[in-house]
Amino acid sequence: MNLREKAFAGLIWGGGFRVLQNLLNLCLTLILVRILDPKDYGQFAVLMGILGFVNSITYENFVSHIIQVRDESKIPYQDHFTAAVCIQCLVFLLLNITAWILSSVPAYENFAYYLYYMSASVIFIGVGGFRYIILEKQLNWKRYRILQAIGLICSMSIALTFALNGGGILALLFSPFGKFIPAIIDLFFVQRWKPTWEFSWKAYYPSFQFGLKRLASKGLKNGAKTFETNLLFIFLGVIYVGYLNRSFGITQLIILQFTTIVGQSLFPILTRFEPGSDSCRTASTIVYRSIAWTTIPVAVMLGSLAEPFINTVFGPKWLPSAGLLPYTLACVTINSLGYGAYTILLANNHEGRCLRYDVIRIIGVGIALALWPLYKNIMVYLLLLSICEMTTLVILLKWLKDVNILTLKDFQTIFLPPLITSAFGFAIIILPGQSSTGNTLFDWATFQKILLYCISCILSFRCLFSRTLFESLNYLPYPERLKTLLFYKKIYRFDSQ
């Protein structure tokens with residue numbers, strides 16, 4: 001197997017799918033925010049917090065061990081399928097128990113009914129997700145992304161059906177399940193998978209150990225999210241939580257896209273390298289550099305143009321989200337850098353350190369929430385959250401250095417170029433133009449600033465960090481074409497020096 005070709009295929013198919021997904025999700029968002037109310041998004045955020053905590057006990061924690069196994073012949077697929085169905089049955093019971101408890105609390109009585117509806121779909125999710133994991137392990141990116149694209153269309157159809165027929169929050173709750181429909185059809189009717197319901201504890205035990213650690217990480221993470229969302233619901237009210245939800249939602253939709261593509265596409269590749277080897281270090285550096293070089297400049301640009309951006313995407317009634325956008329961008333960008341480091345650690349079998357990271361991060365979020373009575377300001381809270389994310393990121397980077405995955409020199413090539421180029425671009429944006437920034441992204445003054453920002457970043461990368469950029473291009477699809485576009489001539493032979 002040519003891992004380089006599989007990595008390129010993963011990025012190409014992953015990138016193509018993400019472009020399609022972003023376009024369709026953007027169209028869907030533009031429709032839904034004009035049909036649904038901020039209250040619906042606030043209720044959705046609270047429900048997702050509750051569902052996230054219960055879904056911490058999910059099949060995915062255990063079945064994802066399939067990707068960690070270097071020798072595919074040793075993977076007990078039938079055991080994993082049996083365990084996945086049993087675990088999802090347990091989640092079904094937990095969701096119904098949670099709904100029954102919440103139904104006795106007046107403030108959460110309406111949320112309980114939604115949980116009853118949602119519980120019926122968890123087994124459905126487990127079977128579809130099992131198929132996706134198999135395709136990831138096989139590095140069958142073409143089939144994987146085509147099934148996901150069909151699932152995306154199913155999800156949009158479900159969302160629009162509920163929204164246009166007065167379903168309200170149901171459009172947000174049930175749309176994600178559409179992505180599992182094509183995977184289930186492919187598993188049972190195309191591949192003709194026949195479960196034997198066999199189970200060997202001895203064969204499954206390594207996956208069980210791995211899953212327990214992942215369960216603890218996700219349980220702590222999702223539990224903290226549930227606690228955070230419900231406290232903000234009490235502090236701010238459901239409508240302002242809706243504004244905050246949309247601010248985080250659009251930030252994650254844009255900033256986390258490339259990080260997610262790289263993580264999902266290249267994580268199975270990273271697990272095939274021997275931990276601590278030179279090839280593993282090179283691959284990890286390239287992966288992490290691509291994340292930092294993409295997310296930091298985009299975040300700085302969007303934060304500088306928050307009001308026209310929100311007004312263009314969501315409309316005037318969502319403008320309160322614009323004041324939150326720079327803060328949520330800071331949180332999500334630092335978190336995406338942490339996600340990149342987290343993924344590299346996990347690929348190198350350091351799930352214990354990943355668990356410790358989750359614990360430290362939760363403590364930081366808890367401190368920020370505990371201090372709320374002192375400041376009672378969402379901006380201050382988001383600032384404290386950014387400090388928490390930065391602290392945990394530094395810890396992750398130290399661990400990467402301690403286990404000899406990345407070095408200080410690698411960190412310089414990862415972080416220094418995007419920070420400097422973004423600073424130049426930001427200086428261009430804040431310079432006085434021909435008129436005020438404008439109310440939309442299509443305003444000429446705003447569009448001009450965006451164009452100048454992009455040109456400034458590209459020139460800064462090309463002129464100030466020419467050698468590092470040249471070396472990075474060697475690991476991208478179609479490197480020679482990219483070098484030609486960036487005016488690298490044949491006399492540049494950095495990679496041979």
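Report follows, based on the coordinates. (Residues numbered from 1 in each chain as written. Predicted model: local features only at pLDDT ≥ 70, side-chain atom pairs only at ≥ 80, totals over all residues. Heavy atoms only, no water.)

1. Thoughts on the state of the cysteines
Next up, step 1: Across all of its chains, the model carries 0 disulfides by this definition.
Next up, step 2: Counting only cysteine sulfurs, C354 is the nearest neighbor of C280, a cysteine outside any disulfide, at a range of 13 Å.
Next up, step 3: Between C454, a free cysteine, and C457, which holds the nearest cysteine sulfur, the sulfur-to-sulfur gap is 6.8 Å. (Disulfide = S-S within 2.5 Å.)

2. Here we look at the packing of aromatic side chains
Next up, step 1: Going through the model one piece at a time under the given rule, you end up with 20 aromatic pairs.
Next up, step 2: Summarising the aromatic geometry, the rings of F411 and F415 are spaced 6.5 Å apart at their centres and angled 35° between planes, so their arrangement reads as tilted. Placement of both F411 and F415 in helix α19 (residues 408-430) is noted, with a separation of 4 residues, approximately one turn of the helix.
Next up, step 3: A relative accessible area of 11% means that F411 is categorised as buried.
Next up, step 4: Residue classification places F415 among the buried positions, given a relative accessible area of 14%.
Next up, step 5: Three or more aromatic residues joined by ring pairs form one cluster here, namely F81, F130, F188, W193 and W197. (Phe/Tyr/Trp six-rings, centres within 6.5 Å; stacked < 30°, edge-to-face > 60°. Helix = DSSP H or I, 4+ residues; strand = E, 2+ residues; numbered from the N terminus. Buried < 20%, exposed > 50% of the residue type's maximum accessible area, 1.4 Å probe, protein only.)

3. Re the nonpolar core
Next up, step 1: Core analysis: the biggest nonpolar cluster contains 144 residues, and Y288, Y381 and L400 have the highest contact counts within it.
Next up, step 2: It is helix α12 (residues 238-270) that provides the largest number of residues to this core, a total of 15 residues.
Next up, step 3: Contact partners of Y288, with chain neighbours within four places excluded, come to L337, G338, G340, A341, I344, L393, L397, L400, L406, I414 and F415. (Core = buried A, V, L, I, M, F, W, Y, C linked by side-chain atoms within 4.5 Å. Contact = heavy atoms within 4.5 Å.)

In short, shape yes, function no, at least from these values alone.
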